[in-house]
Amino acid sequence: MRAKSSSRSQRSNSEKKISKESVRMTVPFQSPRGMRDILPEDQVYWGHIDRVLAKVVQEFGFQKITLPTVECAGVFTRSVGEGTDIIEKEMYTFPSRGGDMLALRPELTAGMVRAFIQNGMQVLAKPVKLFTQGPAFRYDRPQEGRYREFYQADFEVFGEDDPIMDAQMIQMAYRTLLTLGLKNVTFQVNTLGSEEDKKQYRKLLVSYLRSKKIKLCRDCKRRLAINPLRILDCKEEKCQQVAQSAPQTVDHLSPEARNHFKFLLEYLDELEIPYSICPSLVRGLDYYSGTVFEILSAGFNGRQSALGGGGRYDTLVKRMGGEQTPAIGFGIGLDRVVMCMKREKTKVYSDPKPKVFLAQLGELAKKKSLRLFAQLEKNGILVRESFGRGGLKAQLRHSSKIGAEITIILGQKEAIDETVIVKDMVSGSQETVSQERLVEIIKKMLKNNGIIFQKRQMDKDKQRE
Ligand code: HAM
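All values reported here derive from a predicted model rather than from experimental measurement.

Definitions and limits used
The numbers attached to residues start from 1 for each chain and follow its sequence in the written order. Given that the model is predicted, a residue must reach a pLDDT of at least 70 before its local features are reported, and side-chain atom pairs must reach 80 or more before they are shown or counted; all residues, however, enter totals for whole chains, interfaces and linings. Computation of side-chain values: all heavy atoms of the structure, hydrogens and water removed. Proximity is defined per residue: any heavy atom of the residue falling within 4 Å of a molecule or strand makes that residue near it. Pairing of N or O atoms within 3.5 Å defines a polar contact, subject to two protein rules: one partner must be a possible hydrogen donor and the other a possible acceptor, and residues neighboring in sequence count only if both atoms are side-chain atoms. The accessible surface values rely on the Shrake-Rupley method and a 1.4 Å probe; as for residues, cover is taken only from the protein chains in view. Amino acids outside the nonpolar list (Ala, Val, Leu, Ile, Met, Phe, Trp, Tyr, Cys, Pro) and the charged list (Asp, Glu, Lys, Arg) are all regarded as polar, and Gly is one of them. Residue types Ala, Val, Leu, Ile, Met, Phe, Trp, Tyr and Cys, when buried and joined through side-chain atoms within 4.5 Å, form a set referred to as a nonpolar core. To sort residues, take the accessible area from a 1.4 Å probe on protein chains only and compare it with the maximum for the residue type: under 20% means buried, over 50% means exposed, and anything in between is partly exposed. Only DSSP runs of H or I reaching four residues or more are called helices, and only runs of E reaching two or more are called strands; each is numbered from the N terminus. Contacts between residues were defined by any pair of non-hydrogen atoms, one from each residue, lying within 4.5 Å. When a carboxyl oxygen of Asp or Glu is within 4 Å of a side-chain nitrogen of Lys or Arg, the pair counts as a salt bridge. Here the rule is simple: two strands pair whenever DSSP picks up at least two bridges between them. Helix span, as expected, comes to 1.5 Å for every residue beyond the first. In this description, one arc is meant: the one made by directions from the helix axis to the C-beta atoms. The patches described consist of residues with a relative accessible area above 30% and no salt bridge, like charges being joined within 9 Å and nonpolar side chains (Val, Leu, Ile, Met, Phe, Trp, Tyr) within 5 Å. Charged-residue counts in this description rest on Lys and Arg as positive and Asp and Glu as negative, His and the chain ends being excluded. The atom standing in for a charge is NZ when the residue is Lys, CZ when it is Arg, CG when it is Asp and CD when it is Glu. Between N-to-C directions, angles cover 0 to 180 degrees, with each direction set by a line fitted to C-alpha atoms, over the stretch in contact for helices. An angle counts as roughly parallel when it lies under 35 degrees, as roughly antiparallel when it exceeds 145, as roughly perpendicular when it falls between 65 and 115, and as oblique in every other case. Each helix crossing is assigned a hand: it is left-handed if the near helix lies turned anticlockwise from the far helix by less than a right angle, otherwise right-handed if that turn is clockwise.

Student: Is there a simple way to explain the site of the ligand in this structure?
Tutor: Near the ligand, the surroundings consist of 25 residues, among which Glu107, Thr109, Arg138, Tyr147 and Tyr288 are the closest. Contacts to the ligand include Tyr287, whose side-chain N or O atom sits 3.0 Å from a nitrogen atom. In this structure, Tyr288 approaches the ligand through a side-chain N or O atom, which is 2.6 Å from a nitrogen atom. If the ligand stood free it would expose 660 Å²; the protein chains cover 96% of that surface. Tallied by class, residues from the shell around the ligand come to nine nonpolar, nine polar and seven charged.

In structure tokens form, the structure reads like this:
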């Protein structure tokens with residue numbers, strides 16, 4: 001018997017697959033490769049993330065800002081850096097009709113810095129804490145957790161160079177992910193040192209990489225001259241092997257940079273944040289100096305394990321045309337967070353389900369039910385209906401499918417008498433009441449049902465004990 005039903009379910013699964021596949025073959029348009037629809041069944045995760053982000057943003061005193069998805073391409077080439085994978089291979093650029101070179105943003109930090117400068121935020125009381133979220137685009141090879149359109153939450157702080165701010169940013173990232181219900185979140189931290197340290201380190205790195213040039217991929221041989229640091233995060237296996245024995249930034253720090261890092265580690269210990277020092281971590285963007293970090297989720301393997309990353313960029317505001325302003329920030333990859341939430345089956349908040357269903361029968365009742373619906377909604381009662389359906393049977397089926405506790409039935413007779421039938425779906429009893437008293441009666445019933453359900457839950461809990 002069981003074998004039969006399992007073969008039936010296998011059949012229906014494969015039928016579903018076949019029909020999806022055949023739909024894919026026949027529809028003339030598909031979403032672009034690496035870009036996808038986020039379907040209604042997944043929205044519960046995204047809604048939950050929005051709620052948690054709003055809470056954390058408020059708790060840590062951030063202000064929300066909305067940025068354009070498209071920027072002048074120069075915003076990114078000047079900040080993320082020539083010679084990075086993002087600029088060389090992954091950025092979507094296109095000329096506007098007016099001839100400007102524009103880009104779909106591959107990340108959110110550069111746009112935030114542009115907005116900070118353009119809107120004169122340098123004069124605001126420091127630190128200026130800004131939060132934004134939205135899509136970013138990278139022409140990457142799509143795979144699980146890696147898309148060409150993906151979503152980031154981005155936090156940036158301008159005007160504070162104390163290492164306690166670095167610790168607070170890591171604490172905030174940690175708190176956000178824990179509040180979302182994720183377990184096993186850890187951090188990798190490193191420091192690149194000051195701009196001067198970076199210059200000295202670059203010299204050492206170039207002399208090491210020159211000795212290994214033959215082992216590098218074609219792109220990295222070219223990068224050796226223009227941006228040697230980026231060889232350390234090349235995705236090619238042979239370059240990664242060379243990178244493993246490269247000199248490390250932590251061994252070539254000025255006393256100030258060493259001190260800054262030391263304080264950061266002490267603060268992280270104080271906060272009991274799970275972290276490890278990763279001397280090879282340099283991040284794939286040029287604007288960083290000083291602290292860099294990545295947020296990892298254990299249980300994920302390979303490069304997709306990064307749920308987010310960030311670091312200091314103390315010279316970027318000046319390089320982008322603003323006043324010298326230290327800054328630090330991080331971005332969280334929301335698509336990967338959703339993947340983790342699903343994998344870890346985290347609890348998510350979902351909107352309350354409607355407990356009342358409004359059914360109607362006949363032309364006059366249909367017309368009148370529109371007004372009843374508005375009246376119930378106005379009084380804060382969440383109602384479902386299927387006005388397009390005529391048959392009572394189909395409507396009642398819909399009502400029990402959504403798990404309504406009360407069904408209101410409006411037929412021809414009730415429409416004329418200005419009454420309705422109210423059916424308690426829990427007990428099965430029903431009553432005819434005047435339309436005038438409907439709101440009051442429904443409110444009372446919902447309140448009573450609530451009590452009944454609470455009592456049932458308490459009984460269940462008692463049994464469990
Ligand atoms: P990022 O490390 O390039 O940093 O991206 C941050 C996070 O976005 C990654 O850890 C990952 O979770 C997600 N992500 C990146 N690319 C993809 C992709 N193709 N598909 C899915 N998710 C992806 C930045 O973007 C910096 N702007 C972060 C930052 C803010 N640094 C300072 N402030």
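Picking up after the structure, the text goes on.
Student: What is the right way to look at the nonpolar core in this model?
Tutor: In a soluble, globular protein the nonpolar side chains are often hidden away together inside. Ranked by internal contacts, the top residues of the largest apolar core, which has 49 residues, are Phe76, Val113, Phe158 and Leu232. Counting residues per element, the ones that place at least two in this core are α3 (73-79), α4 (85-90), α5 (109-118), β5 (128-137), α7 (195-211), α8 (218-226), α9 (237-244) and α11 (316-319). No other element matches the six residues that α5 contributes to this core. Sequence-distant contacts of Phe158, that is, excluding residues within four places in its chain, are made with Met112, Val113, Phe116, Lys126, Pro127, Val128, Leu130, Tyr313, Val317, Thr325, Pro326 and Ala327.

Student: Whenever I open this one, the pattern of salt bridges confuses me. Can you help?
Tutor: For side chains bearing opposite charge, pairing can occur when the charged atoms are close. Scanning the model with the defined rule gives 26 salt bridges in all. For Lys198, the salt bridge is made with Glu195, and the minimal N-O distance between the two is 3.9 Å. Here Glu195 and Lys198 lie together in helix α7, a separation of three residues that amounts to about one turn. Taking the relative accessible area as the measure of exposure, Lys198 reaches 15% and is therefore buried. Here Asp417 and Lys413 are joined by a salt bridge, their closest N and O atoms 3.0 Å apart.

Student: Explain the pairing of strand β7 (residues 185-191) to me, please; I cannot follow it from the model alone.
Tutor: Residues in a regular strand point their side chains to alternate faces of the sheet. With five of its seven residues buried, β7 lies for the most part within the structure. Sheet topology note: the β7/strand β9 (residues 291-297) ladder contains seven bridges and is antiparallel. When the sheet's bridge partners are listed, Thr191 is paired in β9 with Thr291. In this structure, β7 lies alongside strand β8 (residues 275-277), joined through three bridges in parallel fashion. Each bridged residue has a counterpart across the sheet, and for Gln188 the counterpart in β8 is Ser276.

Student: Help me out: how do you make sense of helix α2 (residues 43-59) in this one?
Tutor: Helical geometry note: an α-helix holds 3.6 residues per turn, so side chains three or four residues apart project in the same direction. In a regular helix each residue adds 1.5 Å, so 17 residues correspond to 24 Å; α2 covers 24 Å between its end C-alpha atoms and thus fits that length. Those residues of α2 that sit buried are Tyr45, Trp46, His48, Ile49, Val52, Leu53, Val56 and Val57. Across the axial projection of α2, the buried residues extend over an arc of 165 degrees, all falling on one side. The inward-facing, buried residues of α2 contact β5, β6 (149-158), α6 (163-179) and α12 (334-343). Positive backbone phi, at 70 degrees, marks Gly61, one or two positions downstream of α2.

Student: What is the right way to look at a positive patch on the surface in this model?
Tutor: Among the surface-exposed residues, Arg210, Lys213, Lys221 and Lys238 lie close enough to one another that they form a single positively charged patch. One can find Lys238 in helix α9.

Student: Could you clarify how one ought to interpret α5 in this entry?
Tutor: Counting buried positions along α5 yields nine of ten residues, so the element is predominantly enclosed. Those residues of α5 that sit buried are Thr109, Ala110, Gly111, Met112, Val113, Arg114, Ala115, Phe116 and Ile117. Considering only its buried residues, α5 is in contact with β2 (70-72), α3, β5, β6 and α11. Gly120 sits one or two residues past α5 and shows a positive phi near 60 degrees.

Student: Help me understand the pairing of strand β4 (residues 101-104) in this model?
Tutor: Strand direction decides the pairing type here: β2 and β4, joined by three bridges, are antiparallel. Opposite Glu71, over in β4, you have Ala103 as the bridge partner. Counting the residues in the hairpin turn of strand β3 (residues 93-95) and β4 gives five residues, including Gly99, whose phi is positive at 100 degrees.

Student: I'm lost on the packing of α2 against α12 in this one. Help?
Tutor: The axes of two packed helices give the description: the angle between them and the distance between them. Two elements in contact, α2 and α12, have axes separated by 10 Å at closest approach and are oriented at 115 degrees. By the angle between their directions, the pair α2 and α12 is classed as roughly perpendicular. For the element pair α2 and α12, the recorded crossing hand is right-handed. Where α2 abuts α12, its residues Tyr45, Trp46, His48 and Ile49 lie against Leu334, Asp335, Val337, Val338, Met341 and Lys342. Here the residues of the contact of α2 with α12 are counted per class, giving seven nonpolar, one polar and two charged.

Student: When you look at the sheet that holds β2 in this model, what are you seeing that I'm missing?
Tutor: Hydrogen bonds between backbone groups are what pair the strands of a sheet, and the pairing can be parallel or antiparallel. Strands sit in the order β2-β4-β3 across an open sheet of three strands; the sheet is antiparallel. The open sheet has two edge strands, β2 and β3, and neither has a second partner. Shown here is a sheet whose adjacent strand axes are inclined to one another by a mean of 35 degrees, direction ignored.

Function-wise, these values are silent; they only describe arrangement.
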